[in-house]
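# Commentary on secondary and tertiary structure
The residues making up each chain are set out below.
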Amino acid sequence: MADGFKAEWPMDLKAPEGSLEAKQPRPDLGADVVDPSRYYSRAFMEKEWAQLWPRVWLLAGVTPDIREPGDFTVFKHGHEEFIIARQDDGGIRAFYNVCPHRGNRVCLTEQGSVPAFTCPFHSWRFNCDGSLAQITDEETYDPELIKHRPGLTEVRCDTIGGLIFINMDGAAPPLKEWIGLPEGYIENYEIEKMNVVRHVRSEWKANWKTGVDAFYETYHLPHIHPQTQGVMEDFSQVDLYPNGFSRMIVPIGVKSHRVKDQDSIDPYQAHMMMEAGIDPQAYKGTPAGVRAAIQEAKRERAKKFNLDYYDRLTDGQLTDSWATGFFPNVQIGMHPEGVFIMRFVPHPTDPERFYYDNMTMFRYVDDPGYTVPGWMGLPEGMDVTGEIRPEIEHVPADVKPDLGEVLDQDVELVYAVQEGVKSRGFAGPIWCEQEDRLRHFHRELDRYLNGEK
Ligand code: FES
Ligand SMILES: [Fe+2]
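Cut-off values and rules
Residues numbered from 1 in each chain as written. Chains lettered and ligands numbered in written order. Predicted model: local features only at pLDDT ≥ 70, side-chain atom pairs only at ≥ 80, totals over all residues. Domains from an automatic or database assignment. Helix = DSSP H or I, 4+ residues; strand = E, 2+ residues; numbered from the N terminus. Nonpolar A, V, L, I, M, F, W, Y, C, P; charged D, E, K, R; others polar. Pairing = 2+ DSSP bridges. Axes fitted to C-alpha atoms, helices over the stretch in contact; angles between N-to-C directions. Parallel < 35°, antiparallel > 145°, perpendicular 65-115°, else oblique. Left-handed = near helix turned anticlockwise from the far one by under 90°. Contact = placed C-beta atoms within 7 Å. Buried ≥ 20, exposed ≤ 12 C-beta atoms within 10 Å, placed from the backbone. Expected span 1.5 Å × (residues − 1). Arc of directions from axis to C-beta. Core = buried A, V, L, I, M, F, W, Y, C linked by C-beta atoms within 7 Å.

Turning next to the domain arrangement of the protein chain. If you check the domain split of the protein chain, you get domain 1 (36–56 + 182–449) and domain 2 (58–178). Mapped by element, the contributors of at least two residues to the side of domain 1 that touches domain 2 are strand 11 (195–204), strand 16 (338–346) and strand 17 (354–362). Counting residues per element, the side of domain 1 that touches domain 2 draws most heavily on strand 16, which supplies three residues. Across the side of domain 1 that touches domain 2, the residue classes tally to 17 nonpolar, two polar and five charged.

Below, the structure written as structure tokens:
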């Protein structure tokens, strides 16, 4: 094919060894079939709360959301909440969102900017560094009780490439050791220079892992999302990294190898060319060459706008989705124009509910031709300049989150799977090689729950 792109299994985009795009050697993953009770059992959920969630680094937010001292964002995960605050010295610190007085939530808003945090119950005040600023009617306390000057309880916090993580476990390895991705992998996208342009948190009636599984493979694309076939290859390059991390490179701009007509340009391909600044009428190449043509056009465009970070991205990265799995519950679809962050947040009490938390981030370029990729499903007319951080849209279960056609299809699918896995007639998932990321993810999860980690 014109651009050297060839879809066969195992998919290998043939990037040179050592490059960030290179196919990773496949480890021996065995052929276990896991017990399906992990998708619905309360005991399993409790085990996760005892042995998984407190011990892993959790994606708590993104640095562009808290640029100035006093800016804060609240991160909710299960029954825990954290305040992530920008400090006077430019650093970032995180605290449990719990008042040491009587346990009230200190911050009732999800984001904002404050000189200090004031607990709404009795107005105790805390500095942005978590230290106690003032106790209301302090003279009415036995001095012994408050001599330790109770402040907010701090939690470990660190950042990498614009992503903020917290960890509830003092003994966990540092973030940089724990992130299983090679150096530069995240940083090259310069997420810190993007802005959240949409944030939707929808409640889904399924276990958080049913959600992760559904987004961790492209094996289902031809069947659930047939409309993607004209512009997306469903054989992804699957790469497994240490500590449960993984990636799939989803080639975009090409027709799936399953499509019979490989001679005419698909309307979606034409649309994608337009987005990249190519006139589809003037394009004289083959459908297989569209991906490379888009890459070239995007390189040119990046030069025009002095987007130097494109120089660190491979041609493949300019078109393809690098869907990157951050163990345990995050996947980020990474693109040069922006990233699509999905967090699968466990429900506080119900193993058959989770929150699908989506942040669409975009690096604004002041030109009408430089737009958020259409597939990100951003509603028409949304402000993408990043001047105002949008409020989080909360969508209850049973209401469609309006995230675009593909995600609507996923909601229905995930609900049906959640019902099916509970059946006496289901013996556990039978994963193929295209589902290696699921196997890798569940194996790592088991290591935590079995006490191996
Ligand atoms: S619970 Fe916070 S001031 Fe009383
Ligand atoms: Fe899907």
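Next, the rest of the story.
Ordered by their spatial adjacency, seven strands build an open sheet running 1-10-9-4-3-2-5, and the pairing between neighbours is antiparallel. What marks the edges here is a single partner per strand, and that holds for strand 1 (58–62) and strand 5 (111–113). The sheet shows a mean angle of 30° between the axes of neighbouring strands, taken without regard to direction. Sheet topology places strand 2 (residues 71–77) next to strand 3 (residues 80–86); six bridges connect them, and they run antiparallel. Residue pairing for strand 3: F75 is matched across the bridge by F82.

In this section: the packing of helix 5 (residues 267–275) against helix 6 (residues 290–304). Think of two packed helices as two axes; the pair is described by the angle between the axes and how far apart they sit. Where helix 5 contacts helix 6, the two axes come as close as 9 Å, and the packing angle between them is 10°. In this view, helix 5 runs roughly parallel relative to helix 6, as classed from their interaxial angle. Once helix 5 is placed against helix 6, the crossing between them reads as left-handed. Together, Q269, M272 and M273 of helix 5 and V290, A293 and I294 of helix 6 make up the contact between the two elements. Broken down by class, the residue content of the contact of helix 5 with helix 6 amounts to five nonpolar, one polar and no charged.

As a general point, the strands of a sheet are linked pairwise by backbone hydrogen bonds and lie either parallel or antiparallel. The sheet built from three strands is open, its strands ordered 6-7-8 with antiparallel pairing. Each having just a single partner strand, strand 6 (116–118) and strand 8 (132–134) make up the two edges of the open sheet. Strand-to-strand twist in this sheet, taken as the mean axis angle between neighbours without regard to direction, amounts to 35°. The sheet contact formed by strand 6 and strand 7 (residues 125–127) spans three bridges and is antiparallel. Within strand 7, the residue paired with F117 across the bridge is F126.

The buried count for strand 15 (residues 330–334) comes to five of five residues, which makes it a mostly enclosed element. Burial along strand 15 is two-sided: V330, I332 and M334 facing one way and Q331 and G333 facing the other are all buried. Hairpin connection of strand 14 (residues 321–326) to strand 15: three residues between the antiparallel strands. As paired elements, strand 15 and strand 16 share five bridges and run antiparallel to each other. Bridged to V330 within strand 16 is R343.

Let us look at the environment of R55. Among the structural elements, R55 can be located in the loop between helix 1 (42–51) and strand 1. Residue classification places R55 among the partly exposed residues on the basis of 14 C-beta atoms within 10 Å. Distance in space between the C-alpha atoms of R55 and R443 is 16 Å, their sequence separation being 388 residues. When sequence neighbours within four positions are dropped, the list of residues in contact with R55 reads D169, A172 and Y448.

Relative to each other, helix 3 (residues 208–215) and helix 8 (residues 405–420) sit at 125°, their axes nearing to 10 Å. Taken together, the axes of helix 3 and helix 8 lie oblique to each other. Considering the relative orientation of helix 3 and helix 8, their crossing is right-handed. For the pair helix 3 and helix 8, contact is made by T210, G211 and A214 and by D410, L413, V414, V417 and Q418, respectively. Each residue belonging to the contact of helix 3 with helix 8 can be placed in one class, and the counts come to four nonpolar, three polar and one charged.

Let us now look at helix 8. For helix 8, spanning 16 residues, the distance from its first C-alpha to its last is 23 Å, which sits close to the expected 22 Å at 1.5 Å a residue. Among the residues of helix 8, D410, V411, V414 and Q418 are the ones counted as buried. Buried positions in helix 8, seen along its axis, are confined to an arc of 105° and lie on one side of it. More than 90 degrees from the buried face of helix 8, the exposed residues found are E405, E412 and A416. Buried residues belonging to helix 8 abut strand 11 and helix 3.

Okay, the nonpolar core next. Core analysis: the biggest nonpolar cluster contains 97 residues, and A60, F82, I83, I84 and M361 have the highest contact counts within it. Looking at which domains feed residues into this core, each of domain 1 (36–56 + 182–449) and domain 2 (58–178) supplies at least three. Discounting residues that sit within four places of it in the chain, M361 has contacts with V62, I191, M194, N195, V196, V197, G338, V339 and I341.

Our next topic: the environment of G333. Inspection of the secondary structure puts G333 in strand 15. Along the chain, G333 and N243 lie 90 residues apart, while their C-alpha atoms are 19 Å from each other. Beyond its immediate sequence surroundings of up to four residues, G333 is in contact with S321, A323, V339 and F340.

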